[in-house]
Every structure is written in C-alpha cells, then in structure tokens.
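Observations on the model geometry
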Amino acid sequence: MRVTIKDVSREAGVSIKTVSRVLNNEKYVGAETRARVAEVVARLNFRPNVAARSLAGRRSFQIALICDNPSPYYVYEMQSGIRDRCEQDGVRMIAQPYDRGSPRLLDEIESLVEATQIDGLILTPPVSDHPDVLDLLGRRGVRFVRVSPGTQFDLSPSTFIDNRAAAATMTNHLLELGHQRIGLIAGDPGFATSAQRTEGYLDALRGAGIAIDTHLIRSGNYDFASGAREAEALLALPTPPSAIFAASDDMAAGVLTVAHRLGLNVPGDLSVAGFDDTALARYVWPPLTTIRQPTREMAHAAADLLLGKAIGAHERREIVHELVVRGSTGAMG
C-alpha cells in the first residue's frame, strides 16, 4: 500500500501540519523535529503527491529549464545542478530544449507555462537575453532567473561568471608562454558570452602592447564543427598563429583534430586552449588547458534563487572561474 502523510505523521509522532511544513521547507519547525520527520520520510520511502501539494499550497512544485546550447556537456551539467537543488525542496525539474530561431518560440514557452503552471523558469544563454521571451514572462507574471545574461541585469536575479576576466586570464597564460600571435575562435554571436570573452582576449593583448590583428579572430558556433572549420582558416594564414584560444571546449576539440590531421605537434607546434572545463577537456589528447566554468554550481545557484522564499529582483551571484592548465599548451619554441 502507498505510504501517506498520515503514516509519516504517526511514525514521527507529530501532526500532519508539521510534516507538511518540513516537506515544504517552511520555518517554525525545530531542528530535532525536522530531523525526525526527515528520517521517517526516508525510512518509509514516502513520496509526496505533487498534485495534492499543488492544490493545498497553490504551487505546482515544478520549475522549468529553458536551454538552447549545442554542447551536451553544458546541458547535462546545467540539468544536474538544478536537479540537485530541486531535490532539497521536493520540486520537479522540467528540462525543455528550445530553438531560439523558431517562429513558434514564444507560443511554445507560453504553452509550457499554461500546461504546467510552473512555479518559475531558469533561462540559459542566449534565451536569457531574448527580449520577446523576457517581455512575455514579465506580462505573465512568471518568476524567472537567468544564467549569464548580457543585458538588463536589474530585470531578474541571475548567476554568472566574469567571462571577460576569464578570457583575459587565458590569453595572459598564452602570452606568458611566449605566444604573441594568438588566434581566437569566438563563440556564436547570438550569445552575450561570446562578446564578453572576445573583449577579455582583446584586453589581454592591449595590456601586453600587442597590436590587434583581426585576421586572427574568427567566429564559431560553440560546436566541434565550427572549431575545426575556423582552425583550418587560421592555420592557412601566411603567418599562422602559434596558439589558438577557442571559446568553448567543443570548438577546441575541433582545433585539436585539425592540428593532428595537419601533422602539427600539440603543444610543440601549436598550443590549444578551450573554455568550460567540460568532461571533453579531459578526454581529448592532449588534455585541454581551459577555463573552468562551474556550470553545475551556476545552475544550483540559479535554482536556489528561484526556490528561495524571498527572491531579490536585483540579486546577482557570481561564481568564481579557474584556469586549468593541462598538456595542450606549452612555451613557444
């Protein structure tokens, strides 16, 4: 037979209302009582009925993730971080991929809101800066948190890393190794992060007194294919770069493939750097020097902001990035 909240109440020796307060992570429950109820819930494998909770508290206990990103690693980490935080509150996560270029984008998001009556949304780039989506959610009064927005920072809570500073850190790493002709494969122009990372690259070159060569700057799509395509263009230049910084690990993997095909030694002939520190960065050869973007932590923080009792309209949580040096970069010969 299915375990009910009455069973938990009886076993824990508390009222049904107290059990409900613990399940909803409400205040006014002592630590000892909260722990006793949690132990009974776990022992009886009690799973609250979401529909019943929704009717009682006028919440659906569901939030949705809106994602449009070519990297499966990024999407997985984003989903994992949100799911970890949702489990603490007994909330279900709905992961919904969307094509930002679809003419039905707004209709599809509005249908999701109406069909599920979600308690809120988490938007990832580039949807996090889509003006029509933001306007729709504002008109519908839907709570939302954005990951790495590039505009209207006061519009909603958000989580982010300092992409500009992170890209400058990576470029400075390559400069310190003696590289002066550093190619950049920037990300999809539709992502605010692409412009931010490009500015960080330019900041570092200017700081080192190196003239900007626009031939060394190419635009990719944050995927393997575009990384390979743009690496071929950079390495075909009359004076090719001695290092290539790709604005995502997926694109950097494309660079490595082209370098191997051309018979170049990495890092002896060409240093290659990425951005994200996805699992892919450890699987390729040589392992990638990259910027660690703590995607799972960013996602967890976004869910925490959304599920918080008192959500601050202007709260922005910065997650610290990290330079991870591996075997794909080395001193210029």
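Refer to the structure above for everything that follows.
In this section: the overall build of the protein chain. A count of helices and strands for the protein chain gives 13 helices and 12 strands. Counting only C-alpha atoms, the protein chain reaches 75 × 40 × 35 Å along its principal axes. At a minimum sequence separation of 6, the contacts of the protein chain that also span at least 24 residues come to 71%. Here the protein chain displays about 15,400 Å² of accessible surface, and carbon together with sulfur accounts for 52% of that area. Positive and negative side-chain charges of the protein chain, numbering 36 and 39 respectively, have mean locations separated by a distance of 9 Å.

Glancing now at the sheet that holds strand 1 (residues 62-67). Taken in spatial order, the 6 strands line up as 2-1-3-4-5-11 in an open sheet, and their pairing is parallel. Single-partner strands in this sheet number two, and they are strand 2 (92-97) and strand 11 (316-318). In this sheet, neighbouring strand axes are inclined to one another by 20 degrees on average, regardless of whether the strands run parallel or antiparallel. Relative to strand 2, strand 1 is paired through 6 bridges, and the arrangement is parallel. Note on strand 2: the bridge partner recorded for Ile66 is Gln96.

This next bit is on helix 2 (residues 16-23). Within helix 2, the full set of buried residues consists of Thr18, Val19, Val22 and Leu23. End-on view of helix 2: buried residues confined to an arc of 140 degrees, all on one side of the axis.

Under the definition given, this model contains 2 cavities of 30 Å³ or more. In this structure, the largest cavity encloses a volume near 150 Å³. Lining the largest cavity we find 14 residues, and of these Asn69, Tyr74, Arg197, Asp276 and Gln293 sit closest to its centre. Partitioned by chemical class, the residues of the lining of the largest cavity number 5 nonpolar, 6 polar and 3 charged.

Two modes of strand pairing occur in sheets, parallel and antiparallel, and in both the strands are linked by backbone hydrogen bonds. What the 4 strands build is an open sheet, ordered 7-6-8-9; its pairing is parallel. Each edge of the open sheet carries a strand with a single partner, namely strand 7 (217-219) and strand 9 (271-273). Between one strand axis and the next, the sheet turns through 15 degrees on average, direction left out of account. Where strand 6 (residues 182-186) meets strand 8 (residues 243-246), 4 bridges bridge the pair, whose relative direction is parallel. Looking at the pairing, Leu184 lines up with Phe245 of strand 8. Across the face of the sheet, helix 8 (residues 163-176) comes into contact with strand 6, strand 8 and strand 9 while running at roughly 170 degrees to strand 8.

Burial of strand 1 is extensive: 6 of the 6 residues sit out of reach of the surface. Side chains Gln62, Ala64 and Ile66 of strand 1 all project onto a buried face; the interleaved residues Ile63, Leu65 and Cys67 project onto the opposite face, where all are buried too. Across 4 bridges, the pairing between strand 1 and strand 3 (residues 120-123) is parallel. Paired with Leu65 across the bridge in strand 3 is Ile122.

What counts and how
Residues numbered from 1 in each chain as written. Predicted model: local features only at pLDDT ≥ 70, side-chain atom pairs only at ≥ 80, totals over all residues. Heavy atoms only, no water. Helix = DSSP H or I, 4+ residues; strand = E, 2+ residues; numbered from the N terminus. Contact = heavy atoms within 4.5 Å. Areas by Shrake-Rupley, 256 points an atom, 1.4 Å probe, with all protein chains shown as cover. Lys, Arg positive; Asp, Glu negative; His and termini not counted. Charge placed at Lys NZ, Arg CZ, Asp CG, Glu CD. Pairing = 2+ DSSP bridges. Axes fitted to C-alpha atoms, helices over the stretch in contact; angles between N-to-C directions. Buried < 20%, exposed > 50% of the residue type's maximum accessible area, 1.4 Å probe, protein only. Arc of directions from axis to C-beta. 1 Å grid on protein atoms, 1.4 Å probe; cavity = no way out; pocket = protein on both sides within 12 Å on 5 of 7 lines; lining within 4 Å. Points joined across faces, edges and corners; volume = space filled by probe spheres on them. Nonpolar A, V, L, I, M, F, W, Y, C, P; charged D, E, K, R; others polar.

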